[in-house]
Protein chains: 2
Amino acid sequence: TFLVLVIQCVGLTAVILVAVWMGHYRGGFDWGPDNPSKEFNYHPVFMVIGMIFLYSDAILAYRVFRNVKKTYSKVVHGAIHIGALLFSAVGLKAVFDSHNYAKPPIPNLYSLHSWLGLAAVILYGIQWLSGFVAFAFPSLSLGAKKLYMPHHVFWGVAILCLATGAALMGITEKALFTNCFTKNFHYSALPSEGLVINFLGVAIVVLVALVIYVVTR
Amino acid sequence: TFLVLVIQCVGLTAVILVAVWMGHYRGGFDWGPDNPSKEFNYHPVFMVIGMIFLYSDAILAYRVFRNVKKTYSKVVHGAIHIGALLFSAVGLKAVFDSHNYAKPPIPNLYSLHSWLGLAAVILYGIQWLSGFVAFAFPSLSLGAKKLYMPHHVFWGVAILCLATGAALMGITEKALFTNCFTKNFHYSALPSEGLVINFLGVAIVVLVALVIYVVTR
Ligand code: HEM
Ligand code: HEM
Ligand code: HEM
Ligand code: HEM
Ligand SMILES: O=C1O[C@H]([C@@H](O)CO)C(O)=C1O
């Protein structure tokens, strides 16, 4: 449908904005112990691709492939969710590396962002396992599947909201760290980087609101 | 019900935590142009009371007063929502004052937090007006009320989520401003103030998740 197309565009906009922020304004990407601050830059990009963009697309799979066999859209749904988990895992590896390789090292898991973000990824992993066990094998009876279904959808949406909250806090953290530790960036003067930051957040909120609107009807 | 009691306790915990953070760790409260940084301290407290705690209680009114007349619980629901709007308005006045009275003044509405936060309050005001027009007068036909009802609930929950996202970003902002501009606070070492900050965020998320769970069944 038309709305799904709009959602794709908003999602792609979010991915492009976060890539421009990290790639252009924050010095680009690198991997490995020599340049932890550039390894960090993979974190926002991969988390937005995994926990926001692919997550949303996987949920919408049933709406896009309405006319194909259920087995097929089930495979697409499960597979995109695996892709999302992989991106998220690499995104987490990037930020933990960037803390551990920094001189001096930065402690891990101190912030509200990191607590809620890690909780979201762990719950997401559990949701994937539960969905796989319940729907991918013919393991559950039809009655049991029917009972589990509303919980599958409720938690699917709840975890997406938690991930969105984590992403908004992460954006705020990176914006203020840059504000405090970089001479040339004054967030309160809203330079072009500030606009990229704010519209990244707006795009994520609009995207998730539309996805939830579509799923709840 | 028991769950509503748990929700009350979590909500009160959030209010106490934000009051302790501002009142004890951030130097307490004051009003007026002489002390903008202490006027700021009202902002987080009033926004959490208004946009999170009272907002949640107003939504739950129909669940608590199940056995009384519908007219009565409708008045309670609408009245608590007015209270919530008043607290939010004063909370916004406090933060705008704190920016305008600061020397030098701090620009208004530059951050993602302020954009999404202000959007949440404006949508909340519109929601209040729509609810009032639709349900407080006998103005709409029963059929029109029935048509509007699901939208009233969907937007009520959506705006609560947006307010929660704004609150989490606000908490993150204040934590990092303090981290950058105060000598004695190192967020990454998780001192007691850091624990208060993180558990405030956890309490808000648990509160809102429980409220939405109750409303969607
Ligand atoms: C849903 C998406 C996200 C999740 C699940 C997530 C998760 C995490 C976790 C678990 C950490 C802690 C790493 C450690 O302690 O070594 C972290 C750190 C960090 N993240 Fe994210 N993140 C997400 C999105 C973002 C985004 C979009 C940004 C920025 C644009 C961001 C910025 C940061 C920053 C600055 C840190 C380092 C400071 C800290 O530990 O809080 N994050 N993230
Ligand atoms: C973290 C991973 C997952 C999340 C967040 C998630 C989320 C969701 C959501 C939100 C829906 C509702 C979609 C709609 O109504 O259009 C849904 C439907 C569904 N999911 Fe998942 N899911 C996950 C993993 C899985 C897995 C691994 C399977 C099994 C292969 C699965 C099987 C299903 C099925 C069969 C439906 C029902 C579609 C329908 O009849 O409308 N899910 N999922
Ligand atoms: C839903 C609740 C909230 C809403 C709607 C909200 C709204 C706003 C708005 C509109 C501004 C801009 C004021 C200006 O530009 O002069 C602002 C600023 C601010 N708020 Fe909030 N706020 C909320 C909760 C919080 C909380 C809980 C905290 C901290 C614990 C907080 C911390 C801040 C800070 C530090 C600023 C100044 C920096 C900035 O302009 O972003 N806010 N808030
Ligand atoms: C910003 C203000 C408002 C918000 C966020 C809001 C939100 C909500 C929510 C989430 C529900 C569902 C509650 C449940 O199912 O237990 C609800 C129900 C309702 N609200 Fe509001 N509301 C607002 C203002 C109003 C006003 C001003 C009125 C009119 C006096 C009103 C009348 C009603 C009615 C009649 C119900 C139906 C209760 C039922 O039959 O279960 N609301 N509202
Ligand atoms: O509490 C605040 O901290 C910052 C700034 O004053 C830091 O110096 C800001 O904009 C506030 O409102």
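Being a predicted model, the structure only gives us computed values, none of them experimental.

**Re the state of the cysteines**
Then comes step 1: Across all of its chains, the model carries one disulfide over all chains by this definition.
Then comes step 2: Shown here is the disulfide that connects Cys180(A) with Cys180(B), its sulfur atoms set 2.4 Å apart. In this structure, the disulfide formed by Cys180(A) and Cys180(B) twists by about 105 degrees around the S-S bond and is classed as right-handed. Of this pair, Cys180(A) sits in helix 6 (residues 142–181) while Cys180(B) sits in helix 6 (residues 142–181), on two different chains.
Then comes step 3: Overall, Cys180(A) belongs to the partly exposed group, its relative accessible area being 22%.
Then comes step 4: Residue Cys161(B) stays outside any disulfide, its sulfur separated by 4.7 Å from that of Cys161(A), the closest cysteine.
Then comes step 5: We classify Cys161(B) as partly exposed; its relative accessible area is 29%.

**Overview of the coordination of the iron atom of ligand 3**
Residue and element names in this part refer to chain B.
Then comes step 1: Summarising the metal site, the iron atom of ligand 3 is bound by the protein donors His43 (NE2) and His113 (NE2), whose distances to it range over 2.0 Å.
Then comes step 2: Coordination geometry of the iron atom of ligand 3: the six donor atoms subtend angles of 86 to 179 degrees at the metal centre, consistent with an arrangement described as octahedral. Within this pair, whereas His43 is found in helix 3 (residues 42–64), its partner His113 is found in helix 5 (residues 112–136), the two being separated by 70 residues in sequence.
Then comes step 3: Overall, the relative accessible area of 10% leaves His43 in the buried class.

**Concerning the packing of helix 3 of chain B against helix 4 (residues 70–100) of chain B**
All names here are of chain B.
Then comes step 1: Where helix 3 meets helix 4, the closest approach of the two axes is 8 Å, and the angle between their N-to-C directions is 170 degrees. Classified by the angle their axes make, helix 3 and helix 4 are roughly antiparallel.
Then comes step 2: When grouped by side-chain class, the residues that make up the contact of helix 3 with helix 4 number 19 nonpolar, eight polar and three charged.

**Observations concerning the interface of chain A and chain B**
Then comes step 1: Of the residues lining the interface, 31 residues belong to chain A; the matching set on chain B comes to 30 residues.
Then comes step 2: When the two sides are added together, the surface that chain A and chain B hide from each other amounts to roughly 2,700 Å², 82% of it contributed by carbon and sulfur.
Then comes step 3: For the pair chain A and chain B, the number of links is zero salt bridges.
Then comes step 4: Broken down by secondary-structure element, the contributors of at least two residues to the side of chain A that touches chain B are helix 5 (112–136), helix 6 and helix 7 (192–215) of chain A.
Then comes step 5: Take the side of chain A that touches chain B: its biggest share by element is 12 residues, from helix 6 of chain A.

**Focus: the coordination of the iron atom of ligand 1**
Residues and elements named next belong to chain A.
Then comes step 1: The protein atoms donating to the iron atom of ligand 1 are His43 (NE2) and His113 (NE2), with metal-donor distances spanning 2.0 Å.
Then comes step 2: Here the iron atom of ligand 1 binds six donor atoms, and the angle range of 87 to 179 degrees at the metal identifies the geometry as octahedral.
Then comes step 3: We classify His113 as buried; its relative accessible area is 16%.

**Digging into the site of ligand 2**
All names here are of chain A.
Then comes step 1: Looking at ligand 2, there are 18 residues lining it, with Tyr62, Arg63, Lys70, His77 and His152 nearest.
Then comes step 2: Within the contact set of ligand 2, a nitrogen atom lies 2.7 Å away from a side-chain nitrogen or oxygen of His152.
Then comes step 3: For the shell around ligand 2, the elements supplying multiple residues, two or more each, are helix 3 (42–64), helix 4 (70–100), helix 5 and helix 6.
Then comes step 4: Here the shell around ligand 2 gets six residues from one element, more than from any other, and that element is helix 5.
Then comes step 5: Each residue belonging to the shell around ligand 2 can be placed in one class, and the counts come to nine nonpolar, six polar and three charged.

Conventions we followed
- Residues numbered from 1 in each chain as written.
- Chains lettered and ligands numbered in written order.
- Predicted model: local features only at pLDDT ≥ 70, side-chain atom pairs only at ≥ 80, totals over all residues.
- Heavy atoms only, no water.
- Disulfide = S-S within 2.5 Å.
- Helix = DSSP H or I, 4+ residues; strand = E, 2+ residues; numbered from the N terminus.
- Buried < 20%, exposed > 50% of the residue type's maximum accessible area, 1.4 Å probe, protein only.
- Donors = N, O, S within 2.8 Å, 3.2 Å for Na, K, Ca; no water.
- Tetrahedral: all angles 85-135°; square planar, octahedral: opposite > 155°, others 65-115°.
- Axes fitted to C-alpha atoms, helices over the stretch in contact; angles between N-to-C directions.
- Parallel < 35°, antiparallel > 145°, perpendicular 65-115°, else oblique.
- Nonpolar A, V, L, I, M, F, W, Y, C, P; charged D, E, K, R; others polar.
- Contact = heavy atoms within 4.5 Å.
- Buried area = accessible area lost by both parts, 1.4 Å probe.
- Salt bridge = Lys/Arg side-chain N within 4 Å of Asp/Glu carboxyl O.
- Near = heavy atom within 4 Å.
- Polar contact = N/O pair within 3.5 Å; in protein donor to acceptor, adjacent residues only side chain to side chain.

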